[in-house]
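Structural features, examined
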Amino acid sequence: MTPAAVCCALALAVPHVPAPSAAVRQAVERALPLLAEGATGHIEQKTCFACHNQAFPMAAFAAAKARGFSVDADLIAGQVKHVREFVESNKDAYTSGRGTGGQVDTAGWLLFTLERAGHKPDDLTAAVVEYLLKRDADRDHWRGTSNRPPSEASAFTANYLALRGLKTWGTPEHKAKIAKRVRTVRGWLAETAAKDTEDRVYRMRALAEIGAKKAAAKAARALIAAQRADGGWRQTDAMPSDAYATGTVLTALAEVGGVATASPAYQKGVAFLVRTQRADGTWYVKSRSRPFQPYYESGFPHGKDQFISSSATGWATAALALACPK
């Protein structure tokens, strides 16, 4: 029996007991205020863009808003304003191809944030597109430059973000260059194996982005097979299930993997998230990244583990919101 088959068998052995819809809605409602506090708190402390306090919470805000939850319009507008100010102050670096700290990850996640916020293309998003087209133009894929697992350590994440950014924000003038980059990256995606859950999630997203439907469907099946007996997913094979891995898997399966949120696998993941949410509305995940910036408090709980916990809470909330009726 293969490892994937063993994992699948264990997952199927767990009785399918879906979380009550009221409990799922309550979990989303409890999480949103602290995500908002961390997002606004970051802006009060820093001028930089931060995926952990902006991109991942924005995934939650957008999913919740689409399902009828109350999301403050001023909160969304404030996040957009902050991202645009960051790009404006670095516009020359983007148009020249130099980029900023975090390189493709930062550029991709800020475009992701603007997309989920409903922002429209402008000269600033065009500048970031220019950067993505110039960055690693002599290679067969975009390189990640950070080693901050799980969210900034995967080349697949960087390539998904770049592909999504070009597809969403590219102008008609960029069309030929974008098509060329997509053709180049297609081969790398097909030939490169994923090592952990982060790789598998964003490899599937990238394959879906370039229209590789059969490969993306196969990747989705592999993710479902990796579900653990407790209903969750883990970041690596040596770790227990957690909200970050589970939230990223579920949102990817729902958004691009063709998996219905009413399916047994998704509902087991939902039950895991509802069961593991803390009383304050957050999910705690211990950091495994080496800190390199001065510590600051954003208003989100969990001290020096707040950034990965904010990331986990953002994705977990998005996954639960997607399971709620529109």
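Calculation notes
- Starting afresh in each chain, residues are numbered from 1 along the sequence in its written order.
- Per-residue local features are limited, in this predicted model, to residues with pLDDT of at least 70; the limit for side-chain atom pairs, both in listing and counting, is 80 or more; totals at the level of whole chains, interfaces and linings are taken over all residues.
- Here the side-chain values reflect all heavy atoms present in the structure, with hydrogen atoms and water set aside.
- Secondary structure follows DSSP: runs of H or I at least 4 residues long count as helices, runs of E at least 2 residues long count as strands, and numbering of each begins at the N terminus.
- Just to be clear, the radius of gyration here is over C-alpha atoms, and the globule rule we use is 2.2 Å times residues to the power 0.38.
- For every residue, the accessible area (1.4 Å probe, protein chains only) is compared with the maximum for its type, and the residue is labelled buried under 20%, exposed over 50%, or partly exposed between those bounds.
- Charge assignment: positive for Lys and Arg, negative for Asp and Glu; neither His nor the chain ends contribute.
- Lysine's charge is taken at NZ, arginine's at CZ, aspartate's at CG and glutamate's at CD.
- Cysteine sulfur atoms are paired as a disulfide whenever they fall within 2.5 Å.
- Classification of ring pairs uses Phe, Tyr and Trp, with its six-membered ring standing for Trp, and accepts pairs whose centres are within 6.5 Å; under 30 degrees between planes counts as stacked, over 60 as edge-to-face, and the remaining range as tilted.
- Throughout this description, the term charge over a ring refers to an Arg CZ or Lys NZ atom that lies within 6 Å of the ring centre and within 35 degrees of the ring normal.
- Multiplying 1.5 Å by the residue count of a helix minus one yields the expected span of that helix.
- Residues are treated as being in contact if the distance between any of their heavy atoms lies within 4.5 Å.
- Identification of polar contacts relies on pairs of N or O atoms within 3.5 Å, with a donor-acceptor requirement for protein atoms, meaning one able to donate a hydrogen and the other able to accept it, and with residues adjacent in sequence counted only if both atoms are side-chain atoms.
- A score between 0 and 100, pLDDT records how confident the predictor is in each residue.
- Helix axes are fitted only over the stretch in contact, all axes being lines through C-alpha atoms; the angle between N-to-C directions runs from 0 to 180 degrees.
- An angle below 35 degrees is treated as roughly parallel, one above 145 as roughly antiparallel, one from 65 to 115 as roughly perpendicular, and anything else as oblique.
- Here a crossing is taken to be left-handed if its near helix is turned anticlockwise relative to the far helix by less than a right angle, and right-handed if that turn runs clockwise.
- Salt bridges, as used here, are contacts in which a Lys or Arg side-chain nitrogen is within 4 Å of a carboxyl oxygen on Asp or Glu.

The subject of this paragraph is the overall build of the protein. For the protein, the helix and strand inventory stands at 14 helices and 2 strands. Against the 2.2 N^0.38 benchmark of 20 Å for 326 residues, the protein shows a C-alpha radius of gyration of 19 Å, consistent with a compact globule. Considered along the principal axes of its C-alpha atoms, the protein spans approximately 55 × 45 × 40 Å. In the protein, which comprises 326 residues, the share counted as buried stands at 52%. Looking at the protein, you have 42 positive and 30 negative side-chain charges, and the mean spots of the two groups are 7 Å apart.

A few words on the state of the cysteines. Applying the stated criterion across every chain yields a total of 0 disulfides. In this structure Cys48 is a free cysteine whose sulfur lies 9.9 Å from that of Cys51, the closest cysteine sulfur available.

We now examine the packing of aromatic side chains. Using the criterion set out here, one finds 10 aromatic pairs in the structure. On the basis of an interplanar angle of 80 degrees and a centroid distance of 5.0 Å, the ring pair of Trp109 and Phe112 is categorised as edge-to-face. Here Trp109 and its partner Phe112 are both found in helix H6 (residues 103-116), 3 residues apart, which amounts to about one turn of the helix. Judged on exposure class, the residue Trp109 and its partner Phe112 are both buried. Through a chain of ring-to-ring contacts, three or more aromatic side chains come together here, namely Phe56, Trp109, Phe112, Tyr160, Tyr202 and Trp315. Against the face of Phe69 rests Arg25, its NZ or CZ located 4.1 Å from the ring centre. Its guanidinium or amino end placed over the ring of Tyr295, Lys304 lies 5.9 Å from that ring's centre, counting from NZ or CZ.

With 15 residues, helix H8 (residues 155-169) should reach 21 Å at 1.5 Å per residue; the first-to-last C-alpha distance of 21 Å fits that figure. For H8, the buried fraction is high: 11 of the 15 residues fall into the buried class. Among the residues of H8, those classed as buried are Phe156, Thr157, Ala158, Asn159, Tyr160, Leu161, Ala162, Leu163, Gly165, Leu166 and Trp169. At its buried positions, H8 is contacted by H6, helix H7 (123-134), helix H9 (175-191) and helix H10 (197-209). The N-capping residue of H8, defined by a side-chain oxygen 3.1 Å from the backbone nitrogen of Phe156, is Ser154.

Here the protein shows a mean pLDDT of 94. Residues at 70 or above account for 94%. Every residue in residues 1-15 scores below 50 in pLDDT, and together they form 15 contacts with partners more than four places removed in sequence or on other chains.

As a packed pair, H8 and H10 sit with axes 8 Å apart at the nearest point and diverge in direction by 25 degrees. With respect to each other, H8 and H10 are oriented roughly parallel. Here H8 runs over H10; the crossing is left-handed. Together, Phe156, Thr157, Tyr160, Leu163, Arg164 and Lys167 of H8 and Glu198, Asp199, Tyr202, Arg203, Arg205, Ala206 and Glu209 of H10 make up the contact between the two elements.

Quick look at the pattern of salt bridges now. Taken as a whole and assessed by the stated rule, the structure comprises 13 salt bridges. Put simply, Arg135 and Asp136 hold a salt bridge, and the shortest N to O gap is 3.7 Å. The same class applies to Arg135 and to Asp136, which are both buried. A network of salt bridges, in which partner residues are shared, links Glu115, Arg164, Lys167 and Glu209.

We now examine the packing of H10 against helix H11 (residues 213-225). It is at 8 Å that the axes of H10 and H11 come closest, and there the two elements cross at 155 degrees. One way to sum up the angle between H10 and H11 is to call them roughly antiparallel. Between H10 and H11 lies a crossing whose hand is left-handed. Between H10, through Arg200, Val201, Arg203, Met204, Leu207 and Ala208, and H11, the contact on the second element is made entirely by Ala215, Ala216, Ala219, Ala220 and Leu223.

Looking at the secondary structure, you find Glu173 in the loop between H8 and H9. At 3.1 Å, the side chain of Glu173 forms a polar contact with the side chain of Thr171.

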